[in-house]
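# Summary of structural features
If you want the building blocks of each chain, they are given just below.
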There are 2 protein chains.
Amino acid sequence: MAAERDAGGRRSATIKDVAAAAGVGIATVSRVFSGTGSVSPATRERVQAAARELDYRPSALGRGLKLRRSGGIGLIVPDVTDPFRADLVAGVLACARTFGEHVILDAAHGDPAREAEIVDRLVEQRVDGIIAVPAGTEAAWRAPAGIGASVVFADRVPPGLREIPAVLADDRAGVRTLTEYLVGLGHRRIAFLGAAPASPGGDRPAPAAPGEEDRAGPPAQVRERAFRDTMAALGAGVDEDLVVAARHERDSAFAAAAGLLQRRGDVTAVLAAGHLLGEAAVLVARELDLRVPADVSIAMVDDVPWAELCDPPLTTVARPGHDIGYRACELLLRDRTRRTRRGPVLLPAELVIRGSCGPPRPARSPARPA
Amino acid sequence: MAAERDAGGRRSATIKDVAAAAGVGIATVSRVFSGTGSVSPATRERVQAAARELDYRPSALGRGLKLRRSGGIGLIVPDVTDPFRADLVAGVLACARTFGEHVILDAAHGDPAREAEIVDRLVEQRVDGIIAVPAGTEAAWRAPAGIGASVVFADRVPPGLREIPAVLADDRAGVRTLTEYLVGLGHRRIAFLGAAPASPGGDRPAPAAPGEEDRAGPPAQVRERAFRDTMAALGAGVDEDLVVAARHERDSAFAAAAGLLQRRGDVTAVLAAGHLLGEAAVLVARELDLRVPADVSIAMVDDVPWAELCDPPLTTVARPGHDIGYRACELLLRDRTRRTRRGPVLLPAELVIRGSCGPPRPARSPARPA
DNA sequence: CTGAAAGCGCTAACAG
DNA sequence: CTGTTAGCGCTTTCAG
């Protein structure tokens, strides 16, 4: 675009043109626009006038080449249309703006190969850093990290990559709080509707330092573990048959929820570990003519907009998507020199109580009623 | 990041390093990586080996400077967290990928000044083009356009800027279809919950060529006009008191909906001109204990995910956000040479009938019932 | 305070 | 097929 030619077909003005027009050297023009050095007010004015006249725009390409950086950062998310990720993107955008950096966005759709391609591209662009909600596992991210790229993970971190800075929601605390709430309401047969690991063999159990691994790592694992631990701590055993995992597609979530609710008419509450799962639970409950919360209580992780529009409105754990993005960007840009951080930054997840959970109904036959 | 130094603190390899390591000239290395010209298989292999060894990544900065383009496009939306816009962004991303271009994203939040800043920044980056859901009006976009920048508008076009290519949803047809559906159901007192123009004095009535202006222009105006026209065509007069406009905030939408439904207990259906408005309508109806669709039918423009989760599920007009983004990007990148297009590309909006609309109830007192 | 000159990493003629 | 050369637009010593 502008780089090529203006409306008249002429190439856009360069620093040289401006210098000539203002009758100064190019160094002076550079000083005026880059803020470096000092120029006399008079000269400055003359240069600016000339620039205005020629509609001169400094080229980030030229500057970047010289400075060896582009002034932009890369952001990789699985999918922009997921409301939580959209929030995260908005957070990054907001923060990047304060640093005067632009952001190159791309979606990896959970595909490690695609993610790797994107990273390559970003490195070629010489971005000042990369923020990623990673899909690939350790190996995939060792490369860019080793190359000296500054990367910050957001929302999740590949197992075994704890040395890389990250900003995560405190899912463990969130799920614990939610579980305690449910148990406090009197529920014992709580179903946990979780997500299965995406990559085929990627999310191996993860060795990791005990006491830390339970707070970071794949969110799906963290949440399930938090659920189990809390139930155990509360003296409520968890029925393995009630812990199910779905893949990340809507269909899979729906099937899992339907299977669960039909098979076990005795569950009194379902804790969905994500908004897609929650959506499935709501839909299935409706299909099965189960009243919420009279027949089943439903709660989920992720406080998406529709939670409030549901009837009844859904109780959720709100994860701070915007803040996660903002902090991740801050970590990348502000603390780019000192790599002092040890362990991921954990942002609080808040329990939002609405109307979808109540005390369990006295009893119900194991088979689907009617 | 990579541009600076690798893990060892050394600067990253350049084409020169690779050339030296492979014992060839830099031009040969360039040929290997840019695909231009031809190199003997043997040499090519040697170069690639050297590059691999040095972990060489061609710098887009250098290439860009030479080629006078960055290989990326700019995308400006009002807000990434709006589901419709998120779809649009996803569409652009998908298309850009096929062209091997990256996309620089930013949100203008409806602020023309901010939008102008973003455009400036994009021009400095020498993007190959800009796709925008514009906030500013004519004047603001004359500059970048005049500068020779290729821009394509998506979702809406500033009044008076018809010469710039654009991709829009056929809102006119969408609203017409929806209105006809409502009238066909027997509704006569249909409320139109619309959006007020964002910019203070920006959206002036717009002179424009008749017969065209009714399909493009600010969506809010297009939709309202489509509603009025359709009602008129159907012989159903529109009650001016039932046409209300809210600002783009949730609060405003809620207030407008509440005011409307309380003031006019006799409306039998409300047509919300956007998902925020629809959300407000649903919430207000619930608050007022109005059954949907028994007491009021509700329908809205924008088929956001929650429409299906509502109880009852909401009837909507689905606007193809993803396609709009995709096509806009295609228009920008594929047809960048020939500027043959005349008038905006209109993509169909589809009526999605769910359960929120039914025949009007026989009668109801003007005052709020209980 | 200001100008001249030397590149930043890469591509594109132009010769061999 | 391959090397040499001349910049692309900008920042930055280094003199003046």
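This section reports on the structure supplied with the text. Just so you know, these numbers come straight off a predicted model, no measurement behind them.

Cut-off values and rules
- Residues numbered from 1 in each chain as written.
- Chains lettered and ligands numbered in written order.
- Predicted model: local features only at pLDDT ≥ 70, side-chain atom pairs only at ≥ 80, totals over all residues.
- Heavy atoms only, no water.
- Near = heavy atom within 4 Å.
- Polar contact = N/O pair within 3.5 Å; in protein donor to acceptor, adjacent residues only side chain to side chain.
- Helix = DSSP H or I, 4+ residues; strand = E, 2+ residues; numbered from the N terminus.
- Nonpolar A, V, L, I, M, F, W, Y, C, P; charged D, E, K, R; others polar.
- Expected span 1.5 Å × (residues − 1).
- Buried < 20%, exposed > 50% of the residue type's maximum accessible area, 1.4 Å probe, protein only.
- Contact = heavy atoms within 4.5 Å.
- Least-squares fit on C-alpha atoms with pLDDT ≥ 70 in both.
- Salt bridge = Lys/Arg side-chain N within 4 Å of Asp/Glu carboxyl O.

Let us look at the protein's contact with DNA strand C. Around DNA strand C, a shell composed of 30 residues is seen, among which Arg31(A), Ser38(A), Thr43(A), Ile15(B) and Tyr56(B) lie nearest. Within 4 Å of the protein, atoms of DNA strand C come from sugar and phosphate in 65% of cases. The backbone of Gly62(B) places a nitrogen or oxygen atom 3.1 Å from a base nitrogen of DNA strand C. In the environment of DNA strand C, a base oxygen lies 3.4 Å from a nitrogen or oxygen atom belonging to the side chain of Lys66(B). Residue assignment for the surface near DNA strand C shows that the elements contributing at least two residues are helix 2 (26-34) and helix 4 (60-67) of chain A together with helix 1 (15-22), helix 2 (26-34) and helix 4 (60-67) of chain B. Split into classes, the residues belonging to the surface near DNA strand C amount to 11 nonpolar, 11 polar and 8 charged.

Glancing now at helix 10 (residues 250-263) of chain B. All names here are of chain B. For helix 10, built from 14 residues, the straight-helix expectation of 20 Å at 1.5 Å per residue is met to within 8% by its first-to-last C-alpha distance of 20 Å. Listing the buried residues of helix 10 in full gives Ser252, Ala253, Ala256, Ala257, Ala258, Leu260 and Leu261. In this fold, the buried residues of helix 10 make contact with strand 6 (190-195), strand 7 (243-246), strand 8 (269-272) and helix 11 (275-287).

Turning our attention to the relation of the copies chain A and chain B. When chain A is fitted onto chain B, the two copies agree to an RMSD of 0.1 Å after a turn of 180 degrees and an axial shift of 0.0 Å. What we have between these two chains is a two-fold relation. Residues of chain A ranked by C-alpha distance from the rotation axis are headed by Ile104(A), positioned 2.2 Å from it. Most of the interface of chain A is mirrored in chain B: 100% of its interface residues are interface residues there too.

On to the protein's contact with DNA strand D, then. Taken together, the neighbourhood of DNA strand D is formed by 30 residues, with Ile15(A), Tyr56(A), Arg31(B), Ser38(B) and Thr43(B) sitting nearest. When the atoms of DNA strand D within 4 Å of the protein are sorted by group, sugar and phosphate make up 62%. Within the contact set of DNA strand D, a phosphate oxygen lies 2.7 Å away from a side-chain nitrogen or oxygen of Ser30(A). Within the backbone of Gly25(B), one N or O atom sits 2.8 Å away from a phosphate oxygen of DNA strand D. Of all the secondary structure elements, the ones that give two or more residues to the surface near DNA strand D are helix 1 (15-22), helix 2 and helix 4 of chain A together with helix 2 and helix 4 of chain B. Looking at side-chain class alone, the surface near DNA strand D contains 10 nonpolar, 11 polar and 9 charged residues.

With the rule as written, the count across this model stands at 52 salt bridges over all chains. For Arg57(A), the salt bridge is made with Asp55(A), and the minimal N-O distance between the two is 3.4 Å. The exposure class of Arg57(A) is buried, given its relative accessible area of 17%. Note that Asp171(B) and Arg319(B) form a salt bridge whose closest N and O atoms lie 3.3 Å from each other. With Asp171(B) in helix 8 (residues 171-184) and Arg319(B) in the loop between strand 10 (315-318) and helix 13 (321-333), the pair connects residues that are 148 residues apart, well separated along the chain. Residue classification places Arg319(B) among the buried residues on the basis of a relative accessible area of 9%. Salt bridges linked by common partners bring Arg85(A), Asp155(A), Asp171(A), Arg223(A), Asp302(A) and Arg319(A) together as one network.

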